[in-house]
Amino acid sequence: MFTSGVLAKLTAPIDACPWGTVAGRHARHAAPRRPLYTAEERVRRDATRWTLVQGVLAPLQFAVFLVSLGLVLNFLATGDGYAVATASVVVKTIVLYVIMVTGSIWEKVVFGRWLFARAFFWEDVFSMLVLGLHTAYLGLLLTGTGDAEGLMFLALAAYAAYVVNAMQFVMKLRAARRDERGWRGADADMLGYSK
């Protein structure tokens, strides 16, 4: 005979009810989130000049992206301005290479790995896709393969991947700030201060 415990174990993997606690089941709690940086990594992050370099290059790259996106969309809509749109994609790709190289140096200084550090593993994986699409654009452009419209659609694909990757990094920045508030709160508690 099935007891409620056995039945619960059998149905738990397929239970999709969003109101589990209302229905009398216990809420499942996620494991505590691991902080983005250890104390030592925070010190290295704050001490290196590469943090400032990344902080300057990230908004610069976003500005170049916005200008280039406008030029690419203008070309696709009107058929005019191919040369300036192409130049803007090349500039965007160069800025991407610069931020990838300096970001890799930053990661080595802070985490001891050139790429794929635990804290930024999935962002780095997706960055490889972004880099691959931008590089494919350059390769096709330099070899004269494909037509102008096809190249611009490839640029748009690269830009879409870039936006997703940028959102990943913004989410990590927010997580780091949340961690910082937690660290400051813990430091204040250790010193005997209350919020």
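Right above here is the structure, for reference.
First, a word on what this report is: a plain description of the structure on this page. (Residues numbered from 1 in each chain as written. Predicted model: local features only at pLDDT ≥ 70, side-chain atom pairs only at ≥ 80, totals over all residues. Heavy atoms only, no water.)

Some points on the overall build of the protein chain
Keep this limit in mind: Here a helix means four or more residues in a row that DSSP labels H or I, a strand means two or more in a row labelled E, and each is numbered from the N terminus. When a residue's accessible area, from a 1.4 Å probe over protein chains only, is under 20% of the maximum for its type it is buried; when over 50% it is exposed; and in between it is partly exposed. Two residues form a contact once any of their heavy atoms are found within 4.5 Å. All accessible areas in this document rest on Shrake-Rupley with a 1.4 Å probe, and a residue is counted as covered only by the protein chains that are shown.
Of regular secondary structure, the protein chain possesses six helices and zero strands. Listing every helix and strand of the protein chain by position from the N terminus yields α-α-α-α-α-α. In the protein chain, buried positions account for 31% of the 195 residues. The contacts in the protein chain between residues at least 6 apart in sequence include a share of 72% that link residues at least 24 apart. About 12500 Å² of surface is accessible on the protein chain, with carbon and sulfur atoms providing 69% of the total.

Examining the packing of aromatic side chains
Think of a pair of aromatic rings as described by two things: how far the centres are apart, and how the planes are tilted against each other in angle. Here is the rule: Aromatic contacts are taken between Phe, Tyr and Trp rings whose centres are within 6.5 Å, Trp giving its six-membered ring; a plane angle under 30 degrees counts as stacked, one over 60 as edge-to-face, and the others as tilted.
A full pass over the atoms with the stated rule returns 11 aromatic pairs. Look at Tyr37 and Phe111: their rings are 5.7 Å apart centre to centre, the planes differ by 10°, and that puts the pair in the stacked class. Placement of the pair is Tyr37 in the loop between helix H1 (4-11) and helix H2 (39-47) and Phe111 in helix H4 (residues 82-111), with a sequence separation of 74 residues. Take Tyr37 and Phe111: they sit in the same class, and that class is buried. When the ring of Phe62 is compared with that of Phe65, the centres are 5.6 Å apart and the planes differ by 40°; the resulting orientation is tilted. Of this pair, Phe62 and Phe65 are both found in helix H3 (residues 49-78), three residues apart, which corresponds to roughly one turn of the helix. According to the relative accessible area criterion, Phe62 is partly exposed, its value standing at 37%. Clustering of aromatic rings is evident, with ring pairs tying together Tyr37, Trp106, Phe111, Phe120 and Phe169.

Some points on the nonpolar core
Where a protein is soluble and globular, its nonpolar side chains tend to be buried together. Under the convention used in this document: Definition used in this section: a nonpolar core is a set of buried Ala, Val, Leu, Ile, Met, Phe, Trp, Tyr and Cys residues joined via side-chain atoms within 4.5 Å.
By size, the foremost hydrophobic cluster in this structure holds 22 residues, and its most contacted members are Val72, Val89, Leu96, Tyr137 and Met152. Mapped onto this core, the elements with two or more residues apiece are H3, H4, helix H5 (121-143) and helix H6 (148-190). The greatest single-element share of this core, amounting to nine residues, is contributed by H6. Once you skip the residues sitting within four places of it in the chain, Met152 turns out to touch Val72, Phe75, Leu76, Tyr82, Ala85, Thr86 and Tyr137. Within the second largest apolar cluster, 10 residues are counted, among which are Tyr37, Trp50, Val110 and Ala117.

Remarks on a nonpolar patch on the surface
Here is the rule: Within this analysis, patches are made of residues with over 30% relative accessible area and no salt bridge. Like charges are joined at 9 Å or less; nonpolar side chains (Val, Leu, Ile, Met, Phe, Trp, Tyr) at 5 Å or less. Just to be clear on terms, a salt bridge is a Lys or Arg side-chain nitrogen sitting within 4 Å of an Asp or Glu carboxyl oxygen.
There is a patch of nonpolar side chains on the surface, built from Phe121, Trp122 and Val125 and spanning about 300 Å² of accessible area. The residue Val125 is located in helix H5 in this model. A relative accessible area of 32% means that Val125 is categorised as partly exposed.

What to know about the environment of Asp124
With respect to the secondary-structure elements, Asp124 resides in helix H5. Residue Asp124 is classed as buried on the basis of its relative accessible area of 4%. Along the backbone, Asp124 and Met100 are 24 residues apart, and their C-alpha atoms lie at a distance of 9.3 Å. With residues up to four places along the chain from it excluded, the contact list for Asp124 reads Glu107, Leu115, Phe116, Ala117 and Phe169.

Focus on H5
Worth spelling out the cut-off: Residue count minus one, scaled by 1.5 Å, sets the expected span of a helix.
For H5, with 23 residues, the first-to-last C-alpha span of 33 Å sits near the 33 Å given by 1.5 Å per residue. Regarding H5, the residues found buried are Glu123, Asp124, Ser127, Val130, Leu131, His134, Tyr137 and Leu138. A positive phi of about 75° marks Gly144, the residue just after H5.

What to know about the environment of Ala158
Examined against the element boundaries, Ala158 turns out to sit in helix H6. Here the alpha-carbon distance between Ala158 and Gly132, two residues 26 residues apart in the chain, equals 8.3 Å. Once you skip the residues sitting within four places of it in the chain, Ala158 turns out to touch Val130, Leu133 and His134.

A short note on H2
Rules: Note that the arc is defined by the directions from the helix axis to the C-beta atoms.
Among all positions in H2, only Glu41, Arg42 and Arg45 are buried. Across the axial projection of H2, the buried residues extend over an arc of 105°, all falling on one side. Facing away from the buried surface of H2 by more than 90 degrees, the exposed residues are Glu40, Val43 and Ala47.

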